[in-house]
Amino acid sequence: TKESFSSIQLWARVALSKRIQVLAFIPYKIQSQQQGNSLTKVQGLGDISVLGNYMLFNNTQSTCKKWRHAFQLGVGIKLPNAKSDALQNGLMIHTNLQLGSGSVDFPLYANYTLRHKQFGSMIECQYMQNGTNRQDFHFGNRLIQTTRFFYWKEKKNWQFLPQIGYS
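Residues numbered from 1 in each chain as written. Predicted model: local features only at pLDDT ≥ 70, side-chain atom pairs only at ≥ 80, totals over all residues. Heavy atoms only, no water.

Participant: What is the right way to read the overall build of the protein chain from this model?
Facilitator: Along the backbone of the protein chain there are zero helices and 13 strands. Listing each helix as α and each strand as β along the protein chain from the N terminus yields β-β-β-β-β-β-β-β-β-β-β-β-β. Seen through its C-alpha atoms, the protein chain measures out along the principal axes to roughly 65 × 30 × 25 Å. Out of the 167 residues belonging to the protein chain, those deemed buried represent 32%. Considering only contacts in the protein chain between residues 6 or more positions apart, those separated by 24 or more positions represent 48%. Positive and negative side-chain charges of the protein chain, numbering 19 and 7 respectively, have mean locations separated by a distance of 18 Å. (Helix = DSSP H or I, 4+ residues; strand = E, 2+ residues; numbered from the N terminus. Buried < 20%, exposed > 50% of the residue type's maximum accessible area, 1.4 Å probe, protein only. Contact = heavy atoms within 4.5 Å. Lys, Arg positive; Asp, Glu negative; His and termini not counted. Charge placed at Lys NZ, Arg CZ, Asp CG, Glu CD.)

Right, here's the structure in full:
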């Protein structure tokens, strides 16, 4: 068996105040499984997530600090909007290949950012408490840790932030 799971994610962040942010994530998934001569492939929008973050500490706007850092915590919800019961040849495809989970899930989030001048790093941890879907299936809860390195370029009313990292 050869499997491939790819995801491209569109995300947005809106600052409601200096301490509160709302983030939205819309994934596009491309998933396939090859077993002998049989190929199962699905692609399309995945489950949408919305997350609210609260900034516990932030000195990134300070002009007198050489090292700037911020720490935030968040909680959110992942909605079961994507297809989670796709069929192939009249049979439901494996749960892992579905575009969505079919369940309401709750992410918990922590982010620490450290920056020196225009270069920095970001460490994120997310714990996902997964629900049960209509087929009575429950994906295992998961912990994800991501580290990113970035370059910060700022102009009058916009910011450019290319990143590279691992998860």
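Picking up where we left off.
Participant: What's the story with the pattern of salt bridges in this structure? I'm lost.
Facilitator: Pairing of side chains with opposite charge becomes possible as their charged atoms draw close. Taken as a whole, this structure holds five salt bridges when the rule is applied. Arg148 is the salt-bridge partner of Glu124, the closest N and O atoms lying 2.5 Å from each other. One end of the pair, Glu124, is in strand E9 (residues 119-129); the other, Arg148, is in strand E10 (residues 142-151), and 24 residues separate them in sequence. (Salt bridge = Lys/Arg side-chain N within 4 Å of Asp/Glu carboxyl O.)

Coordinates in, geometry out; function isn't part of it.
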